[in-house]
Amino acid sequence: QVQLVDSGGGLVQAGGSLRLSCAASGGTFSSYAMAWFRQAPGKEREFVAAISGSGASTNYADSVKGRFTISRDNAKKTVSLQMNSLQPEDTAVYYCAATTPYSSPSSNKDWYPYWGQGTQVTVSS
C-alpha cells in the first residue's frame, strides 16, 4: 500500500507559477499510475493530469493543457505538477492520487484508492 504526501501549494498572483510535489512511500512506486486532482470550494473534485507508471504517457484536462506539466521521478518516488500561467480559476486544494498497482492512468477519481492530504493553491487576480 502506498502513502502520499502533497506539498508545494501557496499564494501566487495571476500569471505566476507554482510547482507541486507528491512524495510516496510504501509499495513499488513505478507500478502506480499517478494523477493530480483539484477541488474548489463548493465544487466536485476534478481531474487535472495523470501519468503512467513509466512516465511515458500523460494526459491533461483541457483547462490546463499547455499550462501544466505532470512528471515523475521513480528513483525518488515523487510526482510533480508544474503549473504556469496560473489564473484565479485554478484556485483549489490540489490532491495527488495513485492507482492500484499496474493499472492505467485515468481521469476518473474513482479509479484512485490512494490520496494525499491535499495542498492549497490560491491565485489572486
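Undergrad: I tried to follow the overall build of the protein on my own but got confused; where do I start?
TA: For the protein, the count of helices and strands is zero helices and 11 strands. Helices (α) and strands (β) of the protein occur, in sequence order from the N terminus, as β-β-β-β-β-β-β-β-β-β-β. Here the C-alpha atoms of the protein give a radius of gyration of 13 Å, agreeing with the 14 Å that 2.2 N^0.38 yields for 125 residues. For the protein, buried positions account for 42% of its 125 residues.

Undergrad: What should I look at first to understand the pairing of strand E8 (residues 78–83) in this one?
TA: In regular strands, side chains alternate between the two faces of the sheet. Direction of pairing for strand E3 (residues 18–25) relative to E8: antiparallel, over a ladder of six bridges. Bridge pairing links serine 21 to serine 80 in E8. Two elements, strand E7 (residues 68–73) and E8, share six bridges in a ladder whose sense is antiparallel. Following the sheet pairing, aspartate 73 is matched in E8 by threonine 78. Here E7 folds back onto E8, and the loop between the two strands holds four residues, one of which, lysine 77, carries a positive phi near 60 degrees.

Undergrad: How do you make sense of the state of the cysteines when you look at a structure like this?
TA: Here, the word disulfide means a covalent bond between the sulfur atoms of two cysteines. Considering all chains together, one arrives at one disulfide under this definition. The disulfide that involves cysteine 22 links it to cysteine 96, with 2.0 Å between the sulfurs. The S-S bond linking cysteine 22 to cysteine 96 shows a torsion near 45 degrees; that makes this disulfide right-handed. One end of the pair, cysteine 22, is in strand E3; the other, cysteine 96, is in strand E9 (residues 92–98), and 74 residues separate them in sequence. Each member of the pair, cysteine 22 as well as cysteine 96, is classed as buried.

Undergrad: Just checking my understanding: could you explain the environment of glutamine 120 for this structure?
TA: You can see glutamine 120 is positioned in strand E11 (residues 119–124). Taking C-alpha positions, glutamine 120 is 10.0 Å from leucine 20, a pair spaced 100 residues apart along the chain. The contacts of glutamine 120, once residues within four sequence positions are left out, are Gly9, Gly10, Thr91, Ala92 and Val93. A distance of 3.4 Å separates the side chain of glutamine 120 from the backbone oxygen of alanine 92, its partner in a polar contact.

Undergrad: Explain the packing of aromatic side chains to me, please; I cannot follow it from the model alone.
TA: The relation between two aromatic rings is expressed through the spacing of the ring centres and the mutual angle of the planes. Inspection of every chain in the model, using the stated rule, returns six aromatic pairs. With a centroid separation of 6.2 Å and 85 degrees between ring planes, the pair formed by tyrosine 32 and tyrosine 114 is classed as edge-to-face. With tyrosine 32 in the loop between E3 and strand E4 (34–39) and tyrosine 114 in strand E10 (residues 114–115), this pair connects stretches of sequence that are 82 residues apart. Where phenylalanine 37 meets tryptophan 115, the ring centres are 5.2 Å apart and the plane angle is 55 degrees; that geometry is what we call tilted. On the criterion of sequence distance, the pair formed by phenylalanine 37 in strand E4 and tryptophan 115 in strand E10 is long-range, its members being 78 residues apart. Note on phenylalanine 37: relative accessible area 0%, which makes it buried. You can call tryptophan 115 partly exposed: its relative accessible area is 26%.

Reading guide: rules and limits
Every chain's residues receive numbers from 1 upward, in the order its sequence appears when written. Local features in this predicted model are restricted to residues whose pLDDT is 70 or higher, and side-chain atom pairs enter the listing and the counts only when it is 80 or higher, whereas totals over whole chains, interfaces and linings include all residues. Excluded from the side-chain calculations are hydrogens and water; all other atoms, namely the structure's heavy atoms, are used. Numbering of helices and strands runs from the N terminus, with a helix taken as a DSSP run of H or I at least four residues long and a strand as a DSSP run of E at least two residues long. Every radius of gyration here is taken over C-alpha atoms, with the globule rule written as 2.2 Å times N^0.38, N being the number of residues. Burial status follows relative accessibility: with a 1.4 Å probe on protein chains alone, a residue under 20% of its type maximum counts as buried, one over 50% as exposed, and anything between as partly exposed. Two strands are counted as paired when DSSP detects at least two bridges linking them. Here, two cysteine sulfur atoms that lie within 2.5 Å of each other are counted as a disulfide. Any two residues whose heavy atoms approach within 4.5 Å are treated as being in contact. Throughout this description, a polar contact denotes any pair of N or O atoms lying within 3.5 Å of each other; where both atoms belong to protein, one of them has to be capable of donating a hydrogen while the other can accept it, and for residues adjacent in sequence the pair is counted only when both atoms sit in side chains. Aromatic contacts are taken between Phe, Tyr and Trp rings whose centres are within 6.5 Å, Trp giving its six-membered ring; a plane angle under 30 degrees counts as stacked, one over 60 as edge-to-face, and the others as tilted.

Such coordinate-based values are descriptive only and should not be taken to indicate function.
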